[in-house]
Every structure is written in C-alpha cells, then in structure tokens.
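What follows is each chain in one-letter form.
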Amino acid sequence: RRDITRLINEPKSKEFNVLQIECGGCGTLMDIKNEYPNCNLFGIEKHENTLVNQLLDVEISLGDAESSELNYKTCFFDYIIISDLMENYEKAIDII
C-alpha cells in the first residue's frame with residue numbers, strides 16, 4: 001500500500017516507530033522500510049497463517065489488538081496503521 005507510505009512525512013534517514021494493526025503479509029511495512037530504512041517496524045496480527053514475510057525486520061505480536069497485552073510506553077509509536085475497520089473493534093479508542 002504505497003498510498004499509506006506516502007502519508008509518512010519524515011526525513012528518509014530518521015529513526016521512528018511504526019505499528020500496523022492487522023499487518024497480514026507485512027507488504028505495507030516492507031514498503032515503508034524500503035523508503036525509510038532506519039524506521040522500526042511493529043505489527044499485530046490475529047491470523048498466524050497470513051504472516052508470510054516473517055523474515056522481515058518486524059516485531060510481530062500474534063493476537064487480537066483488543067485483547068493482547070502490549071508493553072509499549074505511551075506515545076512509543078510515531079505512526080499507527082490500522083488495516084481493519086475500527087468499527088470491528090468494541091474498544092477502538094483503547095487500541096490507539
């Protein structure tokens with residue numbers, strides 16, 4: 001999804017953190033990494049069988065975004081990509 005990558009407004013050499021909820025095959029994250037090689041990538045995916053690019057430099061948590069215990073500091077992520085409709089989550093605002 002190059003359209004998502006184009007929304008990132010950072011210098012190409014900057015280090016920043018990106019989280020993708022429902023990261024699937026990590027195609028979007030791979031595209032971001034190609035454009036911003038110093039970024040740190042994180043993903044949450046509830047369907048293990050969709051994780052096809054596990055060799056990518058992505059820290060992936062397997063589970064549901066609403067019920068998984070994620071231990072990141074507040075404001076740790078500079079960008080959060082939500083690949084599923086937020087209306088599919090009961091506690092959408094808590095995820096963010």
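Student: So what exactly am I meant to see when it comes to the overall build of the chain here?
Tutor: Helix and strand content of the chain: 3 helices and 4 strands. Overall, the chain shows an N-to-C arrangement of helices and strands of α-β-α-β-β-β-α. Of all 96 residues assigned to the chain, the portion counted as buried reaches 40%. Counting contacts in the chain only where the partners sit at least 6 residues apart, residues at least 24 apart contribute 55% of the total. As displayed, the chain offers around 6200 Å² of accessible surface, 46% of which is attributable to carbon and sulfur atoms.

Student: It is not clear to me how the sheet that holds strand β2 (residues 40-45) should be interpreted in this structure. Could you clarify?
Tutor: In a beta sheet, neighbouring strands pair by backbone hydrogen bonds and run either parallel or antiparallel. Across the sheet, which stays open at both edges, the 4 strands sit in the order β3-β2-β1-β4 with parallel pairing between neighbours. At either end of the open sheet lies a strand with only one pairing partner, and these are β3 (58-62) and β4 (79-82). With strand direction ignored, the average angle separating the axes of adjacent strands in the sheet is 15°. As paired elements, strand β1 (residues 17-21) and β2 share 5 bridges and run parallel to each other.

Student: Would you mind going over helix α2 (residues 27-35) with me for this structure?
Tutor: Counting along an α-helix, one turn takes 3.6 residues, and residues three or four places apart therefore face a common direction. Buried within α2 we find T28, L29, D31, I32 and K33. Those residues of α2 that are buried are in contact with α1 (2-5), β1, β2, β3 and β4.

Student: Is there a simple way to think about the pairing of β1 in this case?
Tutor: Side-chain positions along a regular strand alternate between the two faces of the sheet. With 5 of its 5 residues buried, β1 lies for the most part within the structure. Of the two faces of β1, the one lined by N17, L19 and I21 and the one lined by V18 and Q20 are each fully buried. Read as a crossover between parallel neighbours, the route from β1 over α2 to β2 is right-handed. As defined by bridge partners, β1 adjoins β4 across 4 bridges and the pair is classed as parallel. Its bridge partner lying in β4, V18 is registered against Y79.

Student: How should I be thinking about the pattern of salt bridges in this particular structure?
Tutor: Working definition: two side chains of opposite charge can pair if their charged atoms are close together. Applying the stated rule across the entire model yields 3 salt bridges. Between R2 and D31 there is a salt bridge; the shortest N-O distance is 2.9 Å. Remark: D31 occurs in helix α2 and R2 occurs in helix α1; sequence separation between them is 29 residues. The shortest N-O distance in the salt bridge between E35 and K12 comes to 2.8 Å. Taken as a pair, E35 in helix α2 and K12 in the loop between α1 and β1 lie far apart in primary sequence, 23 residues in all.

Student: I'm lost on the side chain of E45 in this one. Help?
Tutor: Position of E45 among the secondary structure elements: in strand β2. Buried charge without a salt bridge: E45, with K46 as the nearest opposite-charge side chain at an N-O distance of 7.1 Å.

Criteria and thresholds
- One numbering rule holds for all chains: residues counted from 1, following each sequence as written.
- A pLDDT threshold of at least 70 governs which residues receive local features in this predicted model, and a stricter bar of 80 or more applies before side-chain atom pairs are shown or counted, although totals over entire chains, interfaces and linings include all residues.
- Side-chain measures were taken over the full set of non-hydrogen atoms in the model, leaving aside hydrogen atoms and water.
- In DSSP terms, a helix is any run of H or I states spanning at least four residues, a strand is any run of E spanning at least two, and both are numbered starting from the N terminus.
- Think of it in three bands: residues with accessible area under 20% of the maximum for their type are buried, residues over 50% are exposed, and the middle band is partly exposed, with areas taken using a 1.4 Å probe on protein chains only.
- In this analysis, two residues are considered to be in contact whenever any of their non-hydrogen atoms come within 4.5 Å of each other.
- Only the protein chains shown count as cover for residues, with accessible areas throughout obtained via the Shrake-Rupley method and a probe of 1.4 Å.
- When DSSP finds at least two bridges between two strands, those strands are taken to pair.
- Inter-axis angles, ranging from 0 to 180 degrees, are taken between N-to-C directions of lines fitted to C-alpha atoms, where helices are fitted over the stretch in contact.
- Handedness is read with the strands pointing away from the viewer; a crossover is right-handed when the path from the first strand over the helix to the second is clockwise.
- Here a salt bridge means any side-chain nitrogen of Lys or Arg lying within 4 Å of a carboxyl oxygen belonging to Asp or Glu.
- As used throughout, the charge tally considers Lys and Arg to be positive and Asp and Glu to be negative, leaving His and the chain termini uncounted.

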